[in-house]
Amino acid sequence: MSGDEPRYKSYDSPAGGWGAAAATAKTLMRESVIAKGSRALLSMNQPGGFKCPSCAYPDPDCKQTLELCENGAKALAHEATKFRVTREFFAQHTVSDLAEQSDYWLEKQGRLTEPMRYDATSDKYVPVSWDEAFALIGEHLRALESPHQAEFYTSGRTANEAAFLYSIFVREFGTNNFPDCSNMCHEPTSRGLPAAIGVGKGPVRMSDWEHAEAIFVIGQNTGTNAPRMMTDLVAAHRRGVPIVTVNPMPEQALMKFTPPQDVLEMATFRSEQVTSEFVHIAIGGDIALFKGMMKILFERDAAGEKVIDWDFVNTHTVGIEAVREDALAQDWTELTRVAGVSEAQIRRCAEIYIRSNATMICFGMGLTQHQEGSRLLRQVCNLLFLRGNFGKPGAGIAPIRGHSNVQGDRTVGIDEQPTGDYLDRVQAVFGFDPPREHGHNTVQAVEAMIAGTARVFVGMGGNFVRAIPDTERSYEAMRKLDLTVAISTKLNRGHVVHGKDALILPVTSRSERLETEAGEQFVTIEDSMAKVTASRGVLEPASPHTLGEVEIVCRMARAALPGSKTDWERYAQDYGSVRDRIAEVYPAIYADFNHRVSDPDGFYLDVPPRRLVWPTPNGKANFHVFEGLDANAPVAEPDMLRLATIRSHDQFNTTIYSNSDRYRGVYNTRMAVLMNVEDRKARGFAEQQVIALETISRDGITRRVSGLTVIDYPIARGAIAGYYPELNPLLPLDYFDEISGTPAAKSIPVRAVADPG
Ligand SMILES: Nc1nc2c(c(=O)[nH]1)N[C@H]1C(S)=C(S)[C@@H](COP(=O)(O)OP(=O)(O)OC[C@H]3O[C@@H](n4cnc5c(=O)[nH]c(N)nc54)[C@H](O)[C@@H]3O)O[C@H]1N2
Ligand SMILES: Nc1nc2c(c(=O)[nH]1)N[C@H]1C(S)=C(S)[C@@H](COP(=O)(O)OP(=O)(O)OC[C@H]3O[C@@H](n4cnc5c(=O)[nH]c(N)nc54)[C@H](O)[C@@H]3O)O[C@H]1N2
Ligand SMILES: [Mo]
């Protein structure tokens, strides 16, 4: 048996520890960045250095130690790789050939080095000068009948300065079509929370970790996707803080973890069970858990116990009566059926919650990616309001964001539904009339492509075609476009699934030095807890021909808007002048931006609920009733399974670092389905049988992925999990949360069938 064959074995060792250190070293070696990479690693997340390009989890407020994590090191290694995609590479491969290659192979080819344009005659990408590239973009954009025929995507790695200018350019061009990666991610946070607390962000800061008396981690695979958060969980656990994990799977790091920086423990192999209460929830069962906990609180309150913070509720909130009535009317048989956990366990969770005077609820994609994702989050707020868990140390709702600057991009204007106030500020500062009608989010952008009304797609980072639902239809839609522009660091699917005209524009990455005529520049990043810090690259750019994202935006704007009065030349050179404009457009949060960001520790943006100020229409925090117990539309098919599409330990979204998923014991394949053994037996499948999944939908479209090996896994009954993006063909484009437009990627109704091959 070769070392590359698929293997499955249960993983019992702790996560983290030596394993993580060894894996990091291996990646650095494979990407041949040891010397350069280790220098870069030393300045990552350090004052004066650059921000980690991986996740959005914040650094400690006052940094004394080098905070590194395995997955941050991998992200950097893949950015700082010595491998290059050159014009010779493109001369050797037709695009049809490249389309046959896996995502993993495309990524492995290395950094993009010069602008390329698709040539249909040879079916190859050929070199193009930057001037010609921008001229082509300008021609296409100016030729459109309406600016709304263009879609301007952003992925969350783009820094504030570029994202801000991009939002100004696109609005001056005349549309609010801003599909964004957050439309597939934390949009329920951005659109769901405002009705409850007035803002679409969390008020929690890093200092709160020290004061929390109970912590809930719901629907998040912390050890893989926000590894630095493990340090804070471990510290809380050591202080005796109960940690409740709610997940259909026992994610290894949350169960057994050795902090990788803890030399002593690594030497003794001591590990910690971070989770004190593991709630093995059914997919979409969270709502029943929340309602069960609220029911207990209301019952005990009625019995005269002091479990509800009535001072807080009476001073700050509206709407408790209806929530109380709904919670008290719940029936335990239904609650436990939907949650998939016992009444006794829900009572234990309520007890932990009641005993704590400061509770933090952290959550990830396991809560947001449901058809009722936004409403689910309002239930989290209900629960927190009941015990006054806002505006005091150690308490609050903590959305753990994905991409390193996804929150920042939204703050500085990447928003398809801009407010009137914001548009007025743009008009006052820049002097043009921005469009007032709402634009497209991600799903709407794809719908416009399918309908043929969208003609041009510009991707500021990311890998749009691979990240969105309904892969087959999306590929088709993309291929109908007149022009696709991919502003990227690495080769990906979006370059080989393209429009009639297509450009690949290589960018200077975050870890690399940015020099302009005005001298060395830095950019800024807002993390998941609304702290803004400077990021300064230290490495030599991957090629002398890459450009910074800021300059690319400015030159696109110049080409598309010949009569523009905006000072694009200056912004392209002097990023400080961009920050001055940001301060003018957002005086309430960004006043004095350039001065404040000179603090190496950065500064926090104001999140009013932290001060017990609620920017809702009624000026109060609002309770919301969730009708029923269905987080997703019910499906009348007894054999139905709910599929969660998740990340392995060795990928960053559509970037695949390796085909293994160490902590889940899956090696050398991503074509696997994790299934409860009882569900497997009930379907008559043998161990490790190869099966197919088919989506249950009523739109007449067959969605099927075959060649998937069933793995027995301790996952909740009725739930299965498999990897994103391989399983995206199963996710229907119209299967999303109505309030936020976020595809329900964690609860796709599917049936599992034997694979006839
Ligand atoms: N290394 C690495 N880091 C990353 C990323 C990466 O790909 N790799 N991606 C970044 C991005 S953009 C994001 S958004 C975040 C994503 O980070 P996470 O939010 O951790 O994302 P996922 O891996 O998609 O899955 C989350 C968890 O939800 C659980 N789950 C599924 N369904 C349910 C449910 O119904 N209820 C509950 N309670 N849980 C459920 C799954 O079992 C899984 O543990 O990470 C960011 N950081
Ligand atoms: N089924 C399913 N679908 C999902 C999800 C899921 O859980 N399940 N998760 C969703 C989520 S949470 C998200 S956030 C989206 C992610 O969607 P995207 O953000 O679009 O995807 P990424 O894979 O992060 O994008 C990777 C590409 O970004 C480019 N890149 C990397 N760094 C830079 C940079 O500094 N600048 C520029 N310009 N380009 C850069 C590289 O070329 C790389 O190939 O996917 C969503 N799709
Ligand atoms: Mo994300």
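This one's a predicted model, so the numbers in the text were calculated from it and none came from an experiment.

Asker: Honestly, the site of ligand 1 in this entry has me stumped. Any pointers?
Answerer: Around ligand 1, the surrounding shell holds 31 residues, and the nearest of these are Asn247, Glu251, Asp286, Gln651 and Asn653. The contact in question runs from an oxygen atom of ligand 1 to an N or O atom on the backbone of Met365, over 2.8 Å. Asn653 places a main-chain nitrogen or oxygen 2.7 Å from an oxygen atom of ligand 1. Starting from 930 Å² of accessible surface for ligand 1 in isolation, the protein chains cover 98%. Listing elements by their share of the shell around ligand 1, those giving two or more residues are helix H10 (222-225), helix H19 (365-368), strand S24 (641-646) and strand S25 (651-652).

Asker: How should I be thinking about the packing of aromatic side chains in this particular structure?
Answerer: For any pair of aromatic rings, the description rests on two quantities: the centre-to-centre distance and the angle between the ring planes. Inspection of every chain in the model, using the stated rule, returns 27 aromatic pairs. Between Phe164 and Phe430 the ring centres are 6.1 Å apart and the planes differ by 45 degrees, which places this aromatic pair in the tilted class. In this pair, Phe164 is assigned in helix H8 (residues 160-173) and Phe430 in helix H22 (residues 420-430), connecting sequence segments 266 residues apart. On the accessibility criterion, Phe164 (0% relative accessible area) is buried. You can call Phe430 buried: its relative accessible area is 12%. Taken together through their ring pairs, the aromatic side chains of Phe89, Phe90, Trp105, Tyr118 and Tyr125 make up a single cluster. Its guanidinium or amino end placed over the ring of Phe652, Arg157 lies 5.4 Å from that ring's centre, counting from NZ or CZ. Taking NZ or CZ as reference, Arg536 lies 4.5 Å from the ring centre of Phe522, over its face.

Asker: Help me understand the site of ligand 2, please; the structure alone is not making it clear to me.
Answerer: Near ligand 2 lie 30 residues; those nearest to it are Tyr153, Ser155, Glu549, Thr654 and Tyr724. At 2.9 Å from an oxygen atom of ligand 2 is found a main-chain nitrogen or oxygen belonging to Lys490. With the chains in place, 96% of the 940 Å² that ligand 2 exposes on its own is no longer accessible. Residue composition of the shell around ligand 2, by class: 12 nonpolar, 13 polar and 5 charged. Residue-level mapping places the shell around ligand 2 at the junction of two domains, with at least three residues from each of domain 1 (84-185 + 422-591) and domain 3 (641-754).

Asker: Any chance you could explain the pattern of salt bridges here in plain terms?
Answerer: Between side chains of opposite charge, a pair can form as their charged atoms come close. For the structure shown, the criterion picks out 52 salt bridges. The residue Asp470 makes a salt bridge to Arg703 at a minimum N-O spacing of 2.6 Å. Within this pair, whereas Asp470 is found in the loop between helix H24 (464-467) and helix H25 (471-479), its partner Arg703 is found in the loop between strand S29 (690-695) and strand S30 (704-712), the two being separated by 233 residues in sequence. Using a relative accessible area of 3% as the deciding quantity, one classes Asp470 as buried. A salt bridge links Glu694 to Arg704, with the nearest nitrogen and oxygen atoms 2.4 Å apart. With Glu694 in strand S29 and Arg704 in strand S30, this residue pair connects regions lying 10 residues apart in the sequence. Several salt bridges share partner residues, and in doing so they unite Asp180, Glu187, Arg191, Arg410, Asp415 and Glu416 into one network.

Asker: Is there a simple way to explain unusual backbone geometry in this structure?
Answerer: Backbone phi values are negative for most residues with the exception of glycine, while trans is the configuration of most peptide bonds. Cis geometry is found at the peptide bond from Tyr724 to Pro725, where omega equals 5 degrees. Backbone geometry at Asp123 places phi at a positive 55 degrees, although glycine is not the residue there. Phi at Gln688 takes a positive value of approximately 55 degrees, unusual for a residue other than glycine. Along the chain, Gln688 falls in the loop between helix H32 (677-682) and S29.

Asker: Would you mind going over the packing of H8 against helix H29 (residues 575-585) with me for this structure?
Answerer: Axis angle and axis distance: for two packed helices, these are the angle between their axes and the distance between the axes, and together they describe the pair. Running from N to C, H8 and H29 cross one another at 65 degrees; their axes reach a closest spacing of 10 Å. For the element pair H8 and H29, the recorded crossing hand is left-handed. Here Asn160, Glu161, Phe164 and Leu165 of H8 lie close against H29, whose contacting residues are Tyr575, Val578, Arg579, Arg581, Ile582 and Val585. Taken together, the residues that form the contact of H8 with H29 break down as 6 nonpolar, 1 polar and 3 charged.

Asker: Can you help me understand H25 in this one?
Answerer: Residues Thr471, Ser474, Tyr475, Ala477 and Met478 constitute the buried set of H25. Projected down its long axis, H25 carries its buried residues within an arc of 165 degrees, all on one side. Facing away from the buried side of H25 by over 90 degrees, the exposed positions are Glu472 and Glu476. As for H25, its buried residues are in contact with helix H23 (442-451), strand S15 (456-460), H24, strand S16 (483-488) and helix H26 (493-496).

Asker: Before we go on, may I ask you to explain the sheet that holds strand S20 (residues 523-526) in this structure?
Answerer: As a general point, the strands of a sheet are linked pairwise by backbone hydrogen bonds and lie either parallel or antiparallel. With antiparallel pairing, 3 strands are arranged side by side in an open sheet as S20-S21-S22. Two strands close off the open sheet at either side, each with one partner strand: S20 and strand S22 (603-604). Pairing geometry for strand S21 (residues 531-535) and S22, over 2 bridges, is antiparallel. Pairing of Val532 across the sheet is with Phe603, part of S22. Strands S20 and S21 of the sheet are contacted by H8, whose axis makes an angle of about 90 degrees with S20.

Asker: Mind showing me how you'd approach the nonpolar core here?
Answerer: Soluble globular proteins tend to pack their nonpolar side chains together in the buried interior. The biggest cluster of nonpolar side chains holds 127 residues, and the ones touching the most others in it are Leu141, Phe164, Tyr166, Phe169, Ile197 and Tyr590. Counting only domains with at least three residues in this core, you end up with domain 1 (84-185 + 422-591) and domain 2 (188-400). When neighbours within four sequence positions are excluded, Ile197 is seen to be in contact with Cys381, Phe385, Phe390, Ile397, Pro609, Trp614, Pro615 and Thr616. Counting residues in each nonpolar core, the second largest holds 36 residues, with Val443, Met449, Phe464 and Val497 among its members.

Asker: Would you mind showing me how to read the domain arrangement of the protein here?
Answerer: Reports of interface size often rely on the accessible area that becomes lost once the parts have come together. Taken domain by domain, the protein holds domain 1 (84-185 + 422-591), domain 2 (188-400) and domain 3 (641-754). Spacing between the C-alpha centres of domain 2 and domain 3 amounts to 26 Å. Facing the 26 residues of domain 2 at the interface are 29 residues of domain 3. With both chains or domains summed, domain 2 and domain 3 bury close to 2,000 Å², and 61% of this area falls on carbon and sulfur atoms. Taken as a group, Ile283, Gln369 and Gln371 account for 32% of the area that domain 2 buries against domain 3, more than any other trio of residues on that side. At the surface where domain 2 touches domain 3, the tally comes to 1 salt bridge. Taking the shortest distance from any N to any O, the salt bridge between Arg664 and Glu251 comes out at 2.9 Å. Counting across the interface, domain 2 meets domain 3 through 8 residue pairs in polar contact (both at pLDDT 80 or more). Those elements giving two or more residues to the side of domain 2 that touches domain 3 turn out to be helix H9 (187-197), H10, H19 and helix H20 (373-386). Per-element tally for the side of domain 2 that touches domain 3: the top contributor is H20, with 4 residues. Its residues assigned to classes, the side of domain 2 that touches domain 3 comprises 8 nonpolar, 13 polar and 5 charged.

How each quantity is defined
- Residues numbered from 1 in each chain as written.
- Chains lettered and ligands numbered in written order.
- Predicted model: local features only at pLDDT ≥ 70, side-chain atom pairs only at ≥ 80, totals over all residues.
- Heavy atoms only, no water.
- Near = heavy atom within 4 Å.
- Polar contact = N/O pair within 3.5 Å; in protein donor to acceptor, adjacent residues only side chain to side chain.
- Areas by Shrake-Rupley, 256 points an atom, 1.4 Å probe, with all protein chains shown as cover.
- Helix = DSSP H or I, 4+ residues; strand = E, 2+ residues; numbered from the N terminus.
- Phe/Tyr/Trp six-rings, centres within 6.5 Å; stacked < 30°, edge-to-face > 60°.
- Buried < 20%, exposed > 50% of the residue type's maximum accessible area, 1.4 Å probe, protein only.
- Lys NZ or Arg CZ within 6 Å of the ring centre and 35° of its normal.
- Nonpolar A, V, L, I, M, F, W, Y, C, P; charged D, E, K, R; others polar.
- Domains from an automatic or database assignment.
- Salt bridge = Lys/Arg side-chain N within 4 Å of Asp/Glu carboxyl O.
- Axes fitted to C-alpha atoms, helices over the stretch in contact; angles between N-to-C directions.
- Left-handed = near helix turned anticlockwise from the far one by under 90°.
- Contact = heavy atoms within 4.5 Å.
- Arc of directions from axis to C-beta.
- Pairing = 2+ DSSP bridges.
- Core = buried A, V, L, I, M, F, W, Y, C linked by side-chain atoms within 4.5 Å.
- Buried area = accessible area lost by both parts, 1.4 Å probe.

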